Amino acid sequence: MKKIQYNILIIFLLNAFAAHSQTTAAELQAFKIASRMKDSLGISVVQRDSIYAANLSLLSKNLAIWQQYNNSDSLIQVNLQRVENTRDSLYRIVFTEQQYIQYRQKKTILLNNN
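The shown structure was predicted, so the numbers you read here are calculated from the model rather than taken from an experiment.

Cut-offs applied
- Residues numbered from 1 in each chain as written.
- Predicted model: local features only at pLDDT ≥ 70, side-chain atom pairs only at ≥ 80, totals over all residues.
- Heavy atoms only, no water.
- Axes fitted to C-alpha atoms, helices over the stretch in contact; angles between N-to-C directions.
- Helix = DSSP H or I, 4+ residues; strand = E, 2+ residues; numbered from the N terminus.
- Parallel < 35°, antiparallel > 145°, perpendicular 65-115°, else oblique.
- Left-handed = near helix turned anticlockwise from the far one by under 90°.
- Contact = heavy atoms within 4.5 Å.
- Nonpolar A, V, L, I, M, F, W, Y, C, P; charged D, E, K, R; others polar.
- 1 Å grid on protein atoms, 1.4 Å probe; cavity = no way out; pocket = protein on both sides within 12 Å on 5 of 7 lines; lining within 4 Å.
- Points joined across faces, edges and corners; volume = space filled by probe spheres on them.
- Phe/Tyr/Trp six-rings, centres within 6.5 Å; stacked < 30°, edge-to-face > 60°.
- Buried < 20%, exposed > 50% of the residue type's maximum accessible area, 1.4 Å probe, protein only.
- Core = buried A, V, L, I, M, F, W, Y, C linked by side-chain atoms within 4.5 Å.

**Student:** Tell me about the packing of helix α4 (residues 87–94) against helix α5 (residues 97–113), residues and numbers included.
**Tutor:** Packing of α4 against α5 brings their axes to within 8 Å, and their N-to-C directions diverge by 150°. Relative to α5, the element α4 lies roughly antiparallel. Viewed along their axes, α4 and α5 form a crossing whose handedness is right-handed. Between α4, through R87, D88, Y91 and R92, and α5, the contact on the second element is made entirely by E97, Y100, Y103, R104 and K107. Here the residues of the contact of α4 with α5 are counted per class, giving three nonpolar, no polar and six charged.

This is the structure we're talking about:
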């Protein structure tokens, strides 16, 4: 009986560690994106925090899609693209008109170079 409880505890701790690692990776990526925008677009700290929150939300949705459709590449692609298509509308709320124009110009350049 104690061996079963011990194994359950180990499994629980490993799952908690894995979830924490994924969250930390998403938080780090969201922070990097927001920090790069602060540097390149000259956004304020409040705007940076809003961009961080938007990106963290998008990354969380992406992770959920990967977990939900792990055996279907086409469903993953379609659903990830749906999430990605919401990014600009989230940013538009945060940026000034000039910042949004700069963001779109930089995004266009990046997309055309890849």
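**Student:** So what's going on with the layout of surface pockets? Which residues, and what values?
**Tutor:** Computed from the structure, the largest pocket encloses a volume of approximately 510 Å³. Contributing elements (two or more residues each) for the lining of the largest pocket: α1 (2–41), α2 (45–68), α4 and α5. If you tally residues by element for the lining of the largest pocket, the top one is α1, at six residues.

**Student:** Now, about the packing of aromatic side chains: what can you tell me, with residues and values included?
**Tutor:** Inspection of every chain in the model, using the stated rule, returns four aromatic pairs. Between the aromatic rings of Y91 and F95, the centroid separation amounts to 5.7 Å while the plane-to-plane angle is 55°, which identifies the pairing as tilted. Across the pair, exposure class does not vary: Y91 and F95 are buried alike. Ring centres 5.8 Å apart and planes at 50° place the aromatic pair F95 and Y103 in the tilted group. For Y103, a relative accessible area of 8% puts it in the buried group.

**Student:** Kindly report on the nonpolar core, identifying the contributing residues and their values.
**Tutor:** With 11 residues, the main nonpolar core is built from I33, A34, M37, L41, I43, I51, Y91, V94, F95, Y100 and Y103. For this core, the secondary structure elements donating two or more residues are α1, α4 and α5. Take this core: its biggest share by element is four residues, from α1. Residue contacts for A34: discarding those within four places in its chain leaves I43, R48, I51 and Y52.

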